[in-house]
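A look at the structure
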Amino acid sequence: MDGLLISPGHVGAPGIFPAASLWWHPQAHLALDFKGGRYMRGGLVLPETSLLTTARSSDINIPNAAGVFQTLGNNTLPRTDRGLYANGQFTNLVARRNPTLAQLTFTSNLTDADGFAGFGNSIRFPGNYPSGSGIGYQSTALTSGATYTISVLVEMEDGNPPVFGGAIPASAANTFYFTLAQSSTVPGPLFYVVEHIFGNVWKVSYTGTAGATPNQTGVLQTSNNQARAFRLLGMNIFSGSIGISALVPGSADTGGATLLASDIRAVQGVRPSNSEPEPFAGWEAAGLDGAFGGKNIVTIDRLNDAAARFITGAGGDANNLTKLIFDTDNRFKLIVRKSGVDEVALQTGAVASTGDKTIEWQAKPGDYGIEATGVAGDTDSDVETLPTGATTLRIGSDFGALTPFNGWLRELQILKVAA
Amino acid sequence: MSEVYIYTLRAESEAALIALLEAAQAGKERPFVFDTEEGKTVDASRIVFPQPEMTLGEIDPETGEYLVEPEPTGFWLCEVRLPEPDAELEAITVPPQQEDEG
């Protein structure tokens, strides 16, 4: 395979593909621009509902590009103008995702304040504490010694990002700090993740080990921390080490404490000729059964996840599919899995930085290849064929909504390549 | 937002809970339970993962401290959320845990 994976010249039937000035790749059979909300199949621009189905028996609450959280109902594509948020299942372990002062189980030196990011209220930490500290706790039953991630949104009154550079929580190198049931470990700076949402608003997550004092779970700012005022909104605590972009209600909030996974697939299309629904057999009719390629744009907002992250894949079940993943070693991998065995596995170099990444890949017997932004990838002349009889193109999670991406997918294009 | 029908299942173990779901999925187009390399798992887009049932405990509203810590009851629970009613689940659902009015 030479240079760019998908080379011009493998274009399908004449007249199907529009001029190259359009937004999709000339070889694209299916193009899904999640960020832009534009969708194409077989050369026709179609509405989202004609190309994608979503099963998720719960609401989801995710931010748009302006940082305002949008509530999307059951079985609705989890998309804003940031892209598609492909989420797994998460349960918020505190009672309130956006408590008022009265709803916290313990407070000190805080006041109620106006909300932001689409919410009506927040809690203000004044930054100066002549007596005591600023404390906001929500009691919760965490298992001592287990790993949890706490996430909040903060609006910094001075407009500068919060910082977490000190290994000692109550140090001048930290704006504030978290405690998880009076955490037994010292939260060092590497455990904090700061994500800019918009304007003066940042999302801060911390992963650590729970202590044994359940009432001491939440946010602290002492007189030894930076004297910077901020407003706090939202509190999510999840088992494990991932702080997600969605805000999940608590057990005392409307909607329940569990966000179910988004099971997203392109299973149906529309026949260009008569608009009659057709099954995903269109995959074979489009000549994709023996070989196909792809171009994806994804946002990698964190590295070193404990589980692989599924981006897309076509097949019949979890043991028979061709899939693209971002693995625990921070490499994009193209895998051909047949009867439960990974017959072909190609990878890129390890991604070293976060940000948007474009991945181009080709699953073609005798000419496999993958590459991504900033990292070279493997090619392979293995003649292993692809699993046949694809029924589903999955997006953002494997069959059974397993190994979810838990992040933003911006674009997916499935490209025709000559078999 | 469309209506959601919620069914709470309760059994003496996680395996027994999975068996209830497998029995209820017979003949349905979309399974509740999937086989994976690590064993069986539930459809995460419709079912809250099975978890041990806990007592509510009791929190002191003044301090936020637990007066009585939550404890496992020995049973397992999961919650199935569906866009339409399901007769098989209706037959085996249990009422949700009552809030302690204390």
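Here we summarise the structure given alongside this text. (Residues numbered from 1 in each chain as written. Chains lettered and ligands numbered in written order. Predicted model: local features only at pLDDT ≥ 70, side-chain atom pairs only at ≥ 80, totals over all residues. Heavy atoms only, no water.)

Notes on the overall build of chain A
- When you go through chain A residue by residue, the secondary structure sums to 2 helices and 33 strands.
- Buried positions account for 57% of the 419 residues belonging to chain A.
- Excluding contacts between residues fewer than 6 apart, the proportion of contacts in chain A whose partners are at least 24 apart in sequence is 66%.
- Element-wise, carbon and sulfur atoms account for 51% of the exposed surface of chain A, whose accessible area totals about 15,100 Å². (Helix = DSSP H or I, 4+ residues; strand = E, 2+ residues; numbered from the N terminus. Buried < 20%, exposed > 50% of the residue type's maximum accessible area, 1.4 Å probe, protein only. Contact = heavy atoms within 4.5 Å. Areas by Shrake-Rupley, 256 points an atom, 1.4 Å probe, with all protein chains shown as cover.)

Some remarks on the overall build of chain B
- Along chain B, the regular secondary structure elements total 2 helices and 7 strands.
- Helices and strands appear in chain B in the N-to-C order β-α-β-β-β-β-β-β-α.
- Counting the 102 residues in chain B, one finds 33% classified as buried.
- For chain B, restricting intrachain contacts to residue pairs at least 6 apart in sequence, the fraction spanning at least 24 positions comes to 57%.

Remarks on helix H1 (residues 14–24) of chain B
- The complete set of buried residues in H1 of chain B reads Ala16, Leu17, Ile18, Leu21 and Ala24 of chain B.
- Taken together, the buried residues of H1 of chain B touch strand E1 (5–11), strand E2 (33–36), strand E3 (39–42), strand E4 (47–54), strand E7 (72–82) and helix H2 (87–92) of chain B.

A closer look at the interface of chain B and chain A
- Listed per partner, the contact involves 28 residues of chain B and 25 residues of chain A.
- Roughly 1,900 Å² is buried in total at the junction of chain B and chain A, and carbon and sulfur atoms are behind 53% of that figure.
- At the junction of chain B and chain A, the tally comes to 1 salt bridge.
- Where Asp263 of chain A meets Arg30 of chain B, a salt bridge forms, and the shortest distance between an N and an O atom there is 2.4 Å.
- Counting the contacts that link chain B with chain A gives 8 residue pairs in polar contact (both at pLDDT 80 or more).
- Contributions of two or more residues to the side of chain B that touches chain A are made by E2, E3, E4 and E7 of chain B.
- With 3 residues, the top contributor of residues to the side of chain B that touches chain A is E4 of chain B.
- Among the residues forming the side of chain B that touches chain A, the class breakdown is 13 nonpolar, 6 polar and 9 charged. (Buried area = accessible area lost by both parts, 1.4 Å probe. Salt bridge = Lys/Arg side-chain N within 4 Å of Asp/Glu carboxyl O. Polar contact = N/O pair within 3.5 Å; in protein donor to acceptor, adjacent residues only side chain to side chain. Nonpolar A, V, L, I, M, F, W, Y, C, P; charged D, E, K, R; others polar.)

Structural notes on the sheet that holds strand E16 (residues 192–198) of chain A
All names here are of chain A.
- Spatially, 6 strands are ordered E11-E12-E19-E14-E17-E16 in an open sheet, and the strand pairing comes out antiparallel. In the strand order of this sheet, the two ends are held by strand E11 (111–114) and E16, each with one partner. The mean angle between the axes of side-by-side strands here comes to 35°, regardless of whether they run parallel or antiparallel.
- Bridging between E16 and strand E17 (residues 201–209) involves 6 bridges; their strand directions are antiparallel. (Pairing = 2+ DSSP bridges. Axes fitted to C-alpha atoms, helices over the stretch in contact; angles between N-to-C directions.)

Considerations on the sheet that holds E7 of chain B
Residues and elements named next belong to chain B.
- With antiparallel pairing, the 3 strands of this open sheet are ordered in space as E1-E7-E4. Edge positions in the sheet fall to E1 and E4, since each has one partner strand and no second. Going from strand to strand, the sheet's axes swing by 25° on average, the running direction of each strand aside.
- Taken together, the 5 bridges between E4 and E7 define a ladder with antiparallel strand orientation. Its bridge partner being in E7, Ile47 is matched across the sheet by Val80.
- Packed onto the sheet, H1 meets E1, E4 and E7 and runs at close to 135° relative to E1.

What about the packing of aromatic side chains?
Residues and elements named next belong to chain A.
- Tallying each qualifying case throughout the model produces 16 aromatic pairs over all chains.
- Following the ring pairs from residue to residue traces out a cluster consisting of Phe125, Phe164, Phe176, Phe178, Tyr192, Tyr206 and Phe230.
- The positively charged end of Arg309 is found above the aromatic ring belonging to Phe405, 4.2 Å away from the centroid.
- Above the plane of the ring of Phe399 lies Arg394, whose end atom (NZ or CZ) is 5.3 Å from the centre. (Phe/Tyr/Trp six-rings, centres within 6.5 Å; stacked < 30°, edge-to-face > 60°. Lys NZ or Arg CZ within 6 Å of the ring centre and 35° of its normal.)

A few points about the nonpolar core
- Core analysis: the biggest nonpolar cluster contains 43 residues, and Phe332 and Ile395 of chain A have the highest contact counts within it.
- Grouped together as the second largest cluster of nonpolar side chains are 32 residues, Leu142, Trp202, Tyr206 and Leu220 of chain A included. (Core = buried A, V, L, I, M, F, W, Y, C linked by side-chain atoms within 4.5 Å.)

Thoughts on the environment of Ile237 of chain A
All names here are of chain A.
- Secondary-structure assignment places Ile237 in strand E19 (residues 230–239).
- Given the relative accessible area of 0%, Ile237 is considered buried.
- With 145 residues separating them along the chain, Ile237 and Asn92 place their C-alpha atoms 5.3 Å apart.
- Dropping the residues within four chain positions of it, Ile237 is found in contact with Thr91, Asn92, Leu93, Val94, Thr140, Leu142, Tyr148, Thr149, Ile150, Leu180 and Thr217.

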